[in-house]
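Residue-level structural notes
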Amino acid sequence: MAQQKVVLKVLTMTDEKTKQKAIEAAADIFGIDSIAADLKDQKLTVVGMMDTVALVKKLKKVGKVDIVSVGPAKEEKKEEKKDEKKDEKKEGEKKEEKKEDKK
């Protein structure tokens, strides 16, 4: 099972108190790496290797929950792209140095 990103809309999350309750309820689930809450949009974003059904079941104790999206976490791809760009820059600098050395 790979890392997944779950975006939930907690309709009762309207103030700091209910936001904290939602975060604490989500934190009880095994396999969660990060939790982000947005009060304005009433969204809770959870990333990790967890059971989505168990997460929703736990959050239903806080209030009404709608699943917005479930998908793979895309953190790994970003790191690879950054490494590739750094390698390309280093290669470009080396080529420029060789050209200057020839002159």
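Here the structure is a predicted model, which is why all the values come from computation and not from measurement.

Along its length, the protein carries three helices and four strands. For the protein, the succession of helices and strands along the chain, N to C, is β-α-β-β-α-β-α. With 103 residues in all, the protein has 24% of them scored as buried. Of the contacts formed within the protein by residues at least 6 apart in sequence, a portion of 68% connects residues at least 24 apart.

This part is about the environment of A27. Here A27 shows up in helix 1 (residues 16-27). Each C-alpha atom, one on A27 and one on V46, is 9.3 Å from the other, the two residues being 19 residues apart in sequence.

This brings us to the sheet that holds strand 4 (residues 65-72). Taken in spatial order, the four strands of this open sheet run 2-3-1-4, and their pairing is antiparallel. Edge positions in the open sheet fall to strand 2 (32-38) and strand 4, since each of these has one partner strand only. Between one strand axis and the next, the sheet turns through 15° on average, direction left out of account. In the sheet, strand 2 pairs with strand 3 (residues 43-48) via six bridges, with the strands oriented antiparallel.

Residues L8, I32, L44, V46, M50, L55 and L59 are the most contacted members of the largest nonpolar core, which totals 16 residues. When near neighbours in sequence (up to four residues on either side) are disregarded, L55 contacts V6, L8, A26, I29, I32, V46 and M50.

The next subject is the packing of helix 1 against helix 2 (residues 52-59). Running from N to C, helix 1 and helix 2 point in directions that differ by 145°, and their axes come no closer than 9 Å. As helix 1 runs across helix 2, the sense of the crossing is right-handed. Packed against helix 1, whose contacting residues are A22, A25 and A26, the element helix 2 presents L55, K58 and L59 at the interface. Looking at side-chain class alone, the contact of helix 1 with helix 2 contains five nonpolar, no polar and one charged residues.

This part is about unusual backbone geometry. In this structure, Q42 is a non-glycine residue whose phi angle is positive, near 60°. Along the chain, Q42 turns up in the loop between strand 2 and strand 3. Since its relative accessible area comes to 18%, Q42 is described here as buried.

So, on to helix 2. Taken residue by residue, helix 2 has T52, L55, V56 and L59 as its buried positions. Along helix 2, the residues classed as buried sweep out an arc of 95° about the axis, all on the same side. Among the exposed residues of helix 2, those oriented more than 90 degrees off its buried face are V53 and K57. On the buried face of helix 2, the contacting elements are strand 1 (4-10), helix 1, strand 2, strand 3 and strand 4.

Conventions we followed
- Each residue is numbered by its place in its chain's sequence as written, counting from 1.
- Since the coordinates come from a predicted model, pLDDT governs what is reported: local features require at least 70, and pairs of side-chain atoms require 80 or more to be given and counted, while whole-chain, interface and lining totals use all residues.
- Excluding hydrogens and water, the side-chain values take into account all heavy atoms of the structure.
- Segments assigned H or I by DSSP are reported as helices when at least four residues long, segments assigned E as strands when at least two residues long, and all are numbered from the N terminus.
- Remark: exposure states derive from per-residue accessible area (1.4 Å probe, protein chains only) relative to the maximum for the residue type, with buried under 20%, exposed over 50%, and partly exposed in between.
- Working rule for contacts: check all heavy atoms of both residues, and any pair within 4.5 Å makes them a contact.
- Note on pairing: two strands pair once DSSP finds at least 2 bridges between them.
- Simply put, an axis is a line fit to the C-alpha atoms, just over the touching stretch for a helix, and the angle between two N-to-C directions goes from 0 to 180 degrees.
- Nonpolar core, defined: a set of buried Ala, Val, Leu, Ile, Met, Phe, Trp, Tyr and Cys residues in which side-chain atoms within 4.5 Å join the residues together.
- Crossing handedness is read from the near helix: turned anticlockwise from the far helix by less than a right angle, it gives a left-handed crossing, and turned clockwise, a right-handed one.
- Classification convention: Asp, Glu, Lys, Arg as charged; Ala, Val, Leu, Ile, Met, Phe, Trp, Tyr, Cys, Pro as nonpolar; all other residues, Gly among them, as polar.
- The arc in question is the one traced by the directions running from the helix axis out to the C-beta atoms.

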